[in-house]
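Architecture and fold: a report
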Amino acid sequence: MRKSLQSTLLAVILAIVMIMTAGLAACATGDTPPEPEKYTVTVENGTGGGKFDEGTEITVTATVPEGKEFESWQS
């Protein structure tokens, strides 16, 4: 083969290898972010409990039964 043809063929092969490598790297990292961790909030004598994704803001309301006194929130 002539040198210019060899050089062109080598350049094409290298380009194909680089494209394939980039494609494999993109597949390895993935486009899908991980699922957020879920937390369960249990509410006794109130409202606002349930299962929530990490970072979700919720409102919990205490309902104090008659004759009782609110003591504290616990985590």
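Before any of the text, the structure's been laid out above.
How each quantity is defined
Residues numbered from 1 in each chain as written. Predicted model: local features only at pLDDT ≥ 70, side-chain atom pairs only at ≥ 80, totals over all residues. Heavy atoms only, no water. Helix = DSSP H or I, 4+ residues; strand = E, 2+ residues; numbered from the N terminus. Contact = heavy atoms within 4.5 Å. Areas by Shrake-Rupley, 256 points an atom, 1.4 Å probe, with all protein chains shown as cover. 1 Å grid on protein atoms, 1.4 Å probe; cavity = no way out; pocket = protein on both sides within 12 Å on 5 of 7 lines; lining within 4 Å. Points joined across faces, edges and corners; volume = space filled by probe spheres on them. Nonpolar A, V, L, I, M, F, W, Y, C, P; charged D, E, K, R; others polar. Salt bridge = Lys/Arg side-chain N within 4 Å of Asp/Glu carboxyl O. Buried < 20%, exposed > 50% of the residue type's maximum accessible area, 1.4 Å probe, protein only. Patch = residues over 30% accessible without salt bridge, like charges linked within 9 Å, V, L, I, M, F, W, Y side chains within 5 Å.

**What about the overall build of the chain?**
Scanning the chain from terminus to terminus reveals one helix and four strands. Relative to all contacts within the chain whose residues are 6 or more apart in sequence, the contacts with residues 24 or more apart total 0%. Taken as a whole, the chain presents about 7,100 Å² of accessible surface, with 58% of it coming from carbon and sulfur.

**Details of the layout of surface pockets**
The space that makes up the largest pocket amounts to roughly 610 Å³. Lining the largest pocket are 18 residues, and of these Glu-44, Phe-70, Ser-72, Trp-73 and Gln-74 lie nearest its centre. For the lining of the largest pocket, the per-class residue count stands at eight nonpolar, six polar and four charged.

**Here's the deal with the pattern of salt bridges**
Between side chains of opposite charge, a pair can form as their charged atoms come close. One pass over the structure, following the stated rule, counts one salt bridge. Note that Asp-53 and Lys-38 form a salt bridge whose closest N and O atoms lie 2.5 Å from each other. Here the residue Asp-53 occupies a position in strand E3 (residues 50-53), and Lys-38 occupies one in strand E1 (residues 38-41), the gap between them amounting to 15 residues. For Asp-53, a relative accessible area of 29% corresponds to the partly exposed category.

**Digging into unusual backbone geometry**
Residue Asn-45 is not a glycine yet carries a positive backbone phi of 60°. Among the structural elements, Asn-45 can be located in the loop between E1 and strand E2 (46-47).

**Describing a nonpolar patch on the surface**
Together, Leu-9, Ile-13 and Val-17 make up an exposed nonpolar region whose accessible area comes to about 250 Å². Within the element layout of this structure, Val-17 appears in helix H1 (residues 3-29).

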